[in-house]
Amino acid sequence: MKVRHHQACVFALTWMAYASTYLLRKPLAVVKMDLSSELKMTRTQLGWLDTAMFLPYAFVQMVFGSSADKYGARRTLACCLMTSGISMASFGMWHSFYIFALFLFINGAAQSQAWPSCVKVLGSWFNNRQRNAVFGLWGTCTFAGGVMGTALAVHLQTYYGWRDVFLIPSLLLLSMGLLVVLFLHTPADYEIVIQGKDFVSSSADAPEHVTMSFIQLWSFPMLKELAVSMFCVKIVRYCVFMWLPMYLYEQLHYGKGESGMLSTSFEIGGVAGSAALGYLIQRLLDGQTLKGSALVILASTLSLVCFLITASWGAFFNISLMMITGALNCGVDPILTGSVPAELAEWEGRDIQASISGFINGFGSLGTVVMGPVVGVLTELFGWSGMLYMIIVLSLLGSLSTFRGYSIWRRLQEENPQQVKA
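Residues numbered from 1 in each chain as written. Predicted model: local features only at pLDDT ≥ 70, side-chain atom pairs only at ≥ 80, totals over all residues. Heavy atoms only, no water.

Chemist: Can you walk me through the nonpolar core in this structure?
Modeler: If you look at soluble globular proteins, the nonpolar side chains tend to sit buried side by side. Formed by 94 residues in total, the largest nonpolar core has its most connected members in L49 and M242. Of the residues forming this core, the biggest block, 13 residues, is contributed by helix α13 (residues 223-250). Setting aside anything within four residues of it in sequence, one finds L49 in contact with L28, L35, M41, F97, F100, A101 and L104. With 29 residues, the next largest nonpolar core counts M62, I335, L344 and F359 among its residues. (Core = buried A, V, L, I, M, F, W, Y, C linked by side-chain atoms within 4.5 Å. Buried < 20%, exposed > 50% of the residue type's maximum accessible area, 1.4 Å probe, protein only. Helix = DSSP H or I, 4+ residues; strand = E, 2+ residues; numbered from the N terminus. Contact = heavy atoms within 4.5 Å.)

Have a look at this one:
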């Protein structure tokens, strides 16, 4: 019971900590309409603001994802949250595109280590058989955080104006960082051994724990395929995150506040998909994680096609298909960047969960770097349909890459069934 109590506390605290990061990611999507009308920023400039936040997020996470392995997840996560809160507290006081870009750059760099830190802590508390279901349920924090971030931003925008959208979320992240410092611990801190784990950090005969370079990680089995898949999946997700409110406002003629709130249907679907996918894969596909993920990404591609066809049919179809797309697209995220990397990171006695998770998630986030200006240019040249066609093609490529990873897993399983469980 003592172990379960600690597991529940760590689960809840990391869930809240990572969800809170979206309180300072989502407001930019909500205030883009204000930046365009009040400060006369073009869509291309708005796209570059996306890049200002996502470029350091991807680069720092991919190259320095081992920070939590080196310095500890609690210290790294707390530093991330507090730095993010400080960087965005005064955002609404300024008028300059370049100052906005600077603050967003610091915010993105700070938040880059949050996911690897959380994965490392969770991976230490749960054994291999629990991870698909646990990471799937825990991954709801990403999309629930998106819903909360959007809802809070819309509320503050509506009642106080867009310049007051960032202060309260900044204070909340500072508070969450303090909670992490005080209460986030690992099994080693309590001298607890988690039953059923293949790797025990205190084992005397385990090899020395070292981090791996970027080149070494790139050559690690299946990582290239998982990274490419996340690259495609994240472009699709963040196109919806960062541009759906503006699409609903300009193309489908919803009101400003209504556009912001309707866009949360994607994240609401993501919550359901994330919670259910790990459990369903374990039950229906006997834990064949990559095969199930590939099929789900393929289904999300088809749902995007349906959304494109029915976009003008009204709110019911818009909301329904965005919820379905969100469930399918978002549900694979905690599996491909959480439970699978956690198992691969312990292969042959290693202890590099943060490094591998950071590599996959960071490489995937490179898609968000190019997404902003590309979408800005595409929509100016070809209208909103250009963006929709782009994300449909990328979603299909993500499915194919995951199938490729599954085929590699099958080969590795045949060669060494005791090591490979993904």
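From this point, things continue past the structure.
Chemist: Even after reading the chapter, I still don't get the packing of helix α1 (residues 2-21) against helix α10 (residues 167-183), so can you show me in this structure?
Modeler: Think of two packed helices as two axes; the pair is described by the angle between the axes and how far apart they sit. Where α1 contacts α10, the two axes come as close as 10 Å, and the packing angle between them is 155°. Classified by the angle between their axes, α1 and α10 sit roughly antiparallel to one another. Crossing handedness for the pair α1 and α10: left-handed. Mapping the contact onto sequence places L13, M16, A17, S20 and T21 in α1 and L173, M176, L179, V180 and F183 in α10. Tallied by class, residues from the contact of α1 with α10 come to eight nonpolar, two polar and no charged. (Axes fitted to C-alpha atoms, helices over the stretch in contact; angles between N-to-C directions. Parallel < 35°, antiparallel > 145°, perpendicular 65-115°, else oblique. Left-handed = near helix turned anticlockwise from the far one by under 90°. Nonpolar A, V, L, I, M, F, W, Y, C, P; charged D, E, K, R; others polar.)

Chemist: Quick question: what am I supposed to make of a nonpolar patch on the surface here?
Modeler: There is a patch of nonpolar side chains on the surface, built from L178, L179, V181, L182 and F183 and spanning about 450 Å² of accessible area. Within the fold, L182 resides in helix α10. With a relative accessible area of 48%, L182 lands in the partly exposed category. (Patch = residues over 30% accessible without salt bridge, like charges linked within 9 Å, V, L, I, M, F, W, Y side chains within 5 Å. Areas by Shrake-Rupley, 256 points an atom, 1.4 Å probe, with all protein chains shown as cover. Salt bridge = Lys/Arg side-chain N within 4 Å of Asp/Glu carboxyl O.)

Chemist: Any chance you could explain the side chain of T51 here in plain terms?
Modeler: With respect to the element layout, T51 can be found in helix α3 (residues 43-63). Contact partners of T51, with chain neighbours within four places excluded, come to P56, V369, G372 and P373.

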